Amino acid sequence: MVERILQVSLVQLKLPLVAVNLLVGVMLLAPGECRAQQLSRSPVIEEVVLYNGCRVLFQPNNSASTVAISAVVRVRASQETRLTAGIRQLLGLILAAPDPWPKQIGPCPPSLRLAASVNRDGVALRVECLPQDLTYALSLIRHQLFEAQIRRESFERARHQLSRTIQTNRQLPLPVAFHTVVKELYPLQAGSWPVTGSLASMSAISVEQTRQFYRDHFRPNVTVISISGNAKLATFKAKTEKLFGELLPGTKYRAGRFTPHREINAPRRLMMRGLDKSVVVTAGRAPAIGDPEYPAAVVLSVLLGSGMGSRLYQALRAEQSLAYTVEAALTPSVVCSYSYIIATCSRSDIDAVRTEIARQLVDIANNSPAEPELERAKRFAINSFLLSQQRNRNVAHYLGVFSSSDPAKGLHTYRHFSQLIAEVTGDQVRNCCAQIFRKPATVIIEAVSEPQSVANIPIDSGS
């Protein structure tokens, strides 16, 4: 899986990503005693819940020279409407580029880095700094998340930037494919629209609406602040209590109901001009973080399309040379969670690729994977997760993602991720495949080698 920061367009449809495919090339865990030692190392995490409901998480890393902080606000895409879709993305762009820089918190340290990311589950503000700048970093997060003034100039600049991103996405096959497959899986579902919104919503959203949305939804009781790095827990706890403890909470978020899972009888075919590769995407509704089936869904995703030893890589590339690229991934979102397989190929091989993907899914759904294949997938997933723990920014980010996605179970899943993956059985993977891809959605982007038009809007050839 690929994760990118806010400036991207497509990948907002795929965030928050699990730590399964953070690194493409990984070494397998050593067997026997070494592997047992790795699985027994649960990360040491301290948690503090302030009186206003703000959750503070700390995972120390004394060997690091920097500190990374991630503040995730659980403001879901389903809290937007179709005419305000993308408003969270606008706020992310505005908050990541303070204009003017807040003078009340002092001059910005030269080593500090500020970024934001947005997915269907929330808005994250991320800061990297030196340990001595921790107070400044936390003050900056407080100001941007809870006290920022949304200036008209900043709003217009962000709206212009996001409108250009939306226009670009309409001419790229992957954003179109992912947007379409989510609509197929979650028809009429609140939050199923692209995270970036649409040109219509960009025209409709006003600066006053953006300010009101910010005041209503950016509250400490729906915020998780996670930190990793060379800092002492007592220091971090005291600073967060002082800076965030007196903020007033807001109303609690109420999860919406999902629309019924309809039957999808045929793939959705679109044609795009000016491309040399076609795209085939097959996806199904998947469990979210905290669900009992989540570990098996992770293993299934890795087994299908992570690394050259994966099932689909072997079937589509090594054995038949049908696809240029193959990837399987899990997007365990609270809003419109899905698992997908994506392959790029020549237009003449579309049907063969689609048939082979369907054949492999049926085979796994009917027959538990063999032990060597299962063990390879579990080792890949575990080792990718452990490798992600080597960088403070990854630790802080994923600690916040897991905890904010499911406040009750997410932290447990994060703590025991390796052990949960190791305990997955072949029968669980089989059942998970049968459930996820019971009613799959398939989207095909057919490449047409004609020159692109000015507005290369996909041509729907029917389903």
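Thresholds, definitions, all that
Residues numbered from 1 in each chain as written. Predicted model: local features only at pLDDT ≥ 70, side-chain atom pairs only at ≥ 80, totals over all residues. Heavy atoms only, no water. Helix = DSSP H or I, 4+ residues; strand = E, 2+ residues; numbered from the N terminus. Buried < 20%, exposed > 50% of the residue type's maximum accessible area, 1.4 Å probe, protein only. Contact = heavy atoms within 4.5 Å. Areas by Shrake-Rupley, 256 points an atom, 1.4 Å probe, with all protein chains shown as cover. Polar contact = N/O pair within 3.5 Å; in protein donor to acceptor, adjacent residues only side chain to side chain. Axes fitted to C-alpha atoms, helices over the stretch in contact; angles between N-to-C directions. Parallel < 35°, antiparallel > 145°, perpendicular 65-115°, else oblique. Left-handed = near helix turned anticlockwise from the far one by under 90°. Nonpolar A, V, L, I, M, F, W, Y, C, P; charged D, E, K, R; others polar. 1 Å grid on protein atoms, 1.4 Å probe; cavity = no way out; pocket = protein on both sides within 12 Å on 5 of 7 lines; lining within 4 Å. Points joined across faces, edges and corners; volume = space filled by probe spheres on them. Salt bridge = Lys/Arg side-chain N within 4 Å of Asp/Glu carboxyl O. Core = buried A, V, L, I, M, F, W, Y, C linked by side-chain atoms within 4.5 Å. pLDDT = per-residue confidence, 0-100. Pairing = 2+ DSSP bridges.

Q: For this particular structure, what's the right way to read the overall build of the chain?
A: Each helix and strand in the chain was counted, giving 16 helices and 12 strands. Across the 463 residues in the chain, those meeting the buried criterion constitute 58%. In the chain, of all internal contacts separated by at least 6 residues, the share reaching a separation of at least 24 is 84%. Carbon and sulfur atoms form 52% of the exposed surface of the chain, whose accessible area is close to 19,600 Å².

Q: Just to check I follow, could you spell out the side chain of Ser346 for this structure?
A: Tracing the sequence through the fold places Ser346 in the loop between β10 (338-345) and α11 (350-366). In this structure Ser346 comes out as buried when scored by relative accessible area, which is 17%. Within the local environment of Ser346, its side chain forms a polar contact with the side chain of Asp349, the two groups lying 3.0 Å apart. Residues contacting Ser346, with those up to four places away along its chain left out, are Ser278 and Tyr324.

Q: Please clarify how the packing of helix α3 (residues 134-147) against helix α8 (residues 233-244) should be interpreted in this entry.
A: The axes of two packed helices give the description: the angle between them and the distance between them. The contact between α3 and α8 brings their axes to 10 Å, and the two run at 30°. With respect to α8, the element α3 is oriented roughly parallel. By crossing handedness, the relation of α3 to α8 is classed as right-handed. The segment α3 lies against α8, with Leu134, Thr135, Leu138, Ser139, Ile141, Arg142 and Phe146 engaging Phe236, Lys239, Thr240, Lys242, Leu243 and Phe244. When the residues that make up the contact of α3 with α8 are grouped by side-chain class, the tally is 7 nonpolar, 3 polar and 3 charged.

Q: Quick question: what am I supposed to make of empty space enclosed by the protein here?
A: Unoccupied space between atoms shows up once a probe the size of one water molecule is rolled over them. Enumeration over the complete set of coordinates arrives at 2 cavities of 30 Å³ or more. As a volume, the largest cavity reaches approximately 100 Å³. Along its surface, the largest cavity is lined by 15 residues, and Val72, Asn119, Gly122, Val401 and Ser404 are the ones closest to its centre. If you list the elements that add at least two residues to the lining of the largest cavity, you get β4 (113-119), β5 (122-129) and α13 (392-405). The element best represented in the lining of the largest cavity is α13, accounting for 4 residues. Of the residues that constitute the lining of the largest cavity, the class distribution is 6 nonpolar, 6 polar and 3 charged.

Q: Sorry, what's going on with the pattern of salt bridges here?
A: Side chains that carry opposite charge are capable of pairing whenever their charged atoms lie near each other. Scanning all chains against the criterion turns up 20 salt bridges. Of the charged contacts in the structure, one is a salt bridge between Arg142 and Glu147, with a shortest N-O distance of 2.8 Å. For Arg142, a relative accessible area of 16% gives the class buried. You can call Glu147 partly exposed: its relative accessible area is 32%. Between Asp363 and Arg311 there is a salt bridge whose closest N-O contact spans 3.0 Å. In this pair, Asp363 is assigned in helix α11 and Arg311 in helix α10 (residues 311-318), connecting sequence segments 52 residues apart.

Q: How should I be thinking about the nonpolar core in this particular structure?
A: As a rule of thumb, nonpolar side chains are buried together in soluble globular proteins. Grouped together as the largest cluster of nonpolar side chains are 55 residues, with contacts concentrated most on Leu300, Leu304, Leu316 and Ile357. With 9 residues, the top contributor of residues to this core is helix α9 (residues 294-305). With sequence-adjacent residues up to four places away left out, Leu300 is seen in contact with Ile364, Val429, Cys432, Cys433, Ile436 and Phe437. If you look at the next biggest cluster of nonpolar residues, it comprises 54 residues, including Cys54, Ile87, Ala137 and Leu140.

Q: It is not clear to me how the confidence of the model for the chain should be interpreted in this structure. Could you clarify?
A: Regions with low pLDDT carry predicted coordinates that are not meant to be interpreted in detail. A residue-level look at the chain finds 87% of positions with pLDDT of 70 or above and a mean pLDDT of 86. Every residue in residues 459-463 is under pLDDT 50, and counting partners more than four places away or in other chains gives 15 contacts.

Q: Can you help me understand the pairing of β5 in this one?
A: On a regular strand, one side chain projects to one face of the sheet and the next to the other, so that they alternate. Of all 8 residues making up β5, 7 are buried, and the element is well covered by its neighbours. The pairing of strand β3 (residues 67-73) with β5 spans 7 bridges and is antiparallel. Within β5, the residue paired with Ala68 across the bridge is Glu128. Between β4 and β5, which follow one another and run antiparallel, lie 2 residues.

Q: When you look at the pairing of β10 in this model, what are you seeing that I'm missing?
A: The element β10 is largely enclosed, with a buried count of 8 among its 8 residues. With burial as the criterion, each face of β10 is covered, one bearing Tyr338, Tyr340, Ile342 and Thr344 and the other bearing Ser339, Ile341, Ala343 and Cys345. As defined by bridge partners, strand β8 (residues 278-285) adjoins β10 across 8 bridges and the pair is classed as antiparallel. Looking at the pairing, Val281 lines up with Ile342 of β10.

Q: Sorry if this is basic, but what is going on with the environment of Leu411 here?
A: Topologically, Leu411 is positioned in helix α14 (residues 410-415). Residue Leu411 is classed as buried on the basis of its relative accessible area of 8%. Residue contacts for Leu411: discarding those within four places in its chain leaves Ile45, Glu47, Arg55, Leu57, Leu399, Phe402, Ser403 and Asp406.

Q: I'm lost on the packing of α11 against helix α16 (residues 426-436) in this one. Help?
A: One way to put it is that α11 packs onto α16 with a least axis distance of 7 Å and a crossing angle of 130°. By the angle between their directions, the pair α11 and α16 is classed as oblique. Here α11 and α16 pass one another in a crossing that is left-handed. Within the contact between the two elements, α11 uses Leu361, Ile364, Ala365 and Asn366 and α16 uses Val429, Arg430, Cys433 and Ala434. Its residues placed into classes, the contact of α11 with α16 shows 6 nonpolar, 1 polar and 1 charged.

Q: What's the story with unusual backbone geometry in this structure? I'm lost.
A: Backbone geometry follows two general trends: most residues other than glycine have a negative phi, and most peptide bonds adopt the trans configuration. Look at the link from Asp99 to Pro100: it is a cis peptide, with omega at 0°. With respect to the secondary-structure elements, Pro100 resides in the loop between α2 (87-95) and β4. Backbone geometry at Cys336 places phi at a positive 60°, although glycine is not the residue there. Topologically, Cys336 is positioned in the loop between β9 (323-331) and β10.

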